[in-house]
Amino acid sequence: MSLLRLFHQKSFAGLFITHSVAEAVYLSTRVIVMSGRPGHLVAEFDVPFDMPRDPEIRFTPEFAQLVGEVSHALREAH
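Residues numbered from 1 in each chain as written. Predicted model: local features only at pLDDT ≥ 70, side-chain atom pairs only at ≥ 80, totals over all residues. Heavy atoms only, no water.

J.: Describe the overall build of the chain, naming the residues involved and giving the relevant values.
T.: The secondary structure content of the chain amounts to three helices and two strands. Listed N to C, the secondary structure of the chain is α-α-β-β-α in terms of helices and strands. Reported as C-alpha extents along the three principal axes, the dimensions of the chain are approximately 35 × 25 × 15 Å. Taking all 78 residues of the chain together, the buried fraction comes to 27%. Within the chain, counting contacts between residues at least 6 apart in sequence, those at least 24 apart form 50% of the total. Entry remark: accessible area of the chain is about 5,800 Å², with carbon and sulfur atoms responsible for 56%. (Helix = DSSP H or I, 4+ residues; strand = E, 2+ residues; numbered from the N terminus. Buried < 20%, exposed > 50% of the residue type's maximum accessible area, 1.4 Å probe, protein only. Contact = heavy atoms within 4.5 Å. Areas by Shrake-Rupley, 256 points an atom, 1.4 Å probe, with all protein chains shown as cover.)

This is the structure:
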């Protein structure tokens, strides 16, 4: 069972830590960017795409724009 399908069926909340910005945007409803040590919150992004997500969303300009914004915040944090 895919993680997104499980999330949709069970309506659970979870915390995922990843170094992949695209994965974070695809799997999340909100992305938090943290700095290096000492870690503190740098930026927060609401992910506006409906759940459950169609895998094709990853190839849209809107998805790419959000991934770019999160990536920029991550680069600025380090």
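J.: Please provide a residue-by-residue account of the side chain of serine 71, values included.
T.: Here serine 71 lies in helix α3 (residues 61-77). Owing to a relative accessible area of 18%, serine 71 belongs among the buried residues under this scheme. Within the local environment of serine 71, its side chain forms a polar contact with the backbone oxygen of valine 67, the two atoms lying 2.9 Å apart. (Polar contact = N/O pair within 3.5 Å; in protein donor to acceptor, adjacent residues only side chain to side chain.)

J.: Could you give me a rundown of the pairing of strand β1 (residues 30-34), with the residues and numbers involved?
T.: Because side chains alternate across β1, one face comprises the buried residues Val31 and Val33, and the other comprises Arg30, Ile32 and Met34, none of which is buried. Alignment of β1 against strand β2 (residues 41-46), held across five bridges, turns out to be antiparallel. Within β2, the residue paired with valine 33 across the bridge is alanine 43. Connecting β1 to the antiparallel partner β2 that follows it, the hairpin turn spans six residues. (Pairing = 2+ DSSP bridges.)

J.: Which residues make up the nonpolar core, and what are the values?
T.: Ranked by size, the top nonpolar core spans 15 residues in total, and within it Val25, Val31, Phe45, Leu66 and Val70 carry the most contacts. Looking at this core, the elements with two or more residues in it are α2 (21-27), β1, β2 and α3. No other element matches the five residues that α3 contributes to this core. Once you skip the residues sitting within four places of it in the chain, valine 70 turns out to touch Val21, Val25, Val31, Val33 and Phe45. (Core = buried A, V, L, I, M, F, W, Y, C linked by side-chain atoms within 4.5 Å.)

J.: Break down the side chain of serine 28 for me, with residues and values.
T.: For serine 28, the position within the fold is in the loop between α2 and β1. Overall, serine 28 belongs to the buried group, its relative accessible area being 14%. In terms of polar contacts, serine 28 uses its side chain to reach the backbone carbonyl oxygen of alanine 24, at 2.7 Å.

J.: An account of α3 is needed here, citing residue identities and associated values.
T.: Between its first and last C-alpha, α3 extends 24 Å over 17 residues, near the 24 Å set by a 1.5 Å rise per residue. Here α3 has its buried residues at Phe63, Leu66, Val67, Val70, Ser71, Ala73 and Ala77. On an axial view of α3, the arc spanned by its buried residues comes to 160°, and they lie on one face. Summarising the geometry of α3, the exposed residues directed more than 90 degrees from the buried face are Pro61, Gln65, Arg75 and Glu76. Its buried side turned inward, α3 meets α2, β1 and β2. (Expected span 1.5 Å × (residues − 1). Arc of directions from axis to C-beta.)

In short, shape yes, function no, at least from these values alone.
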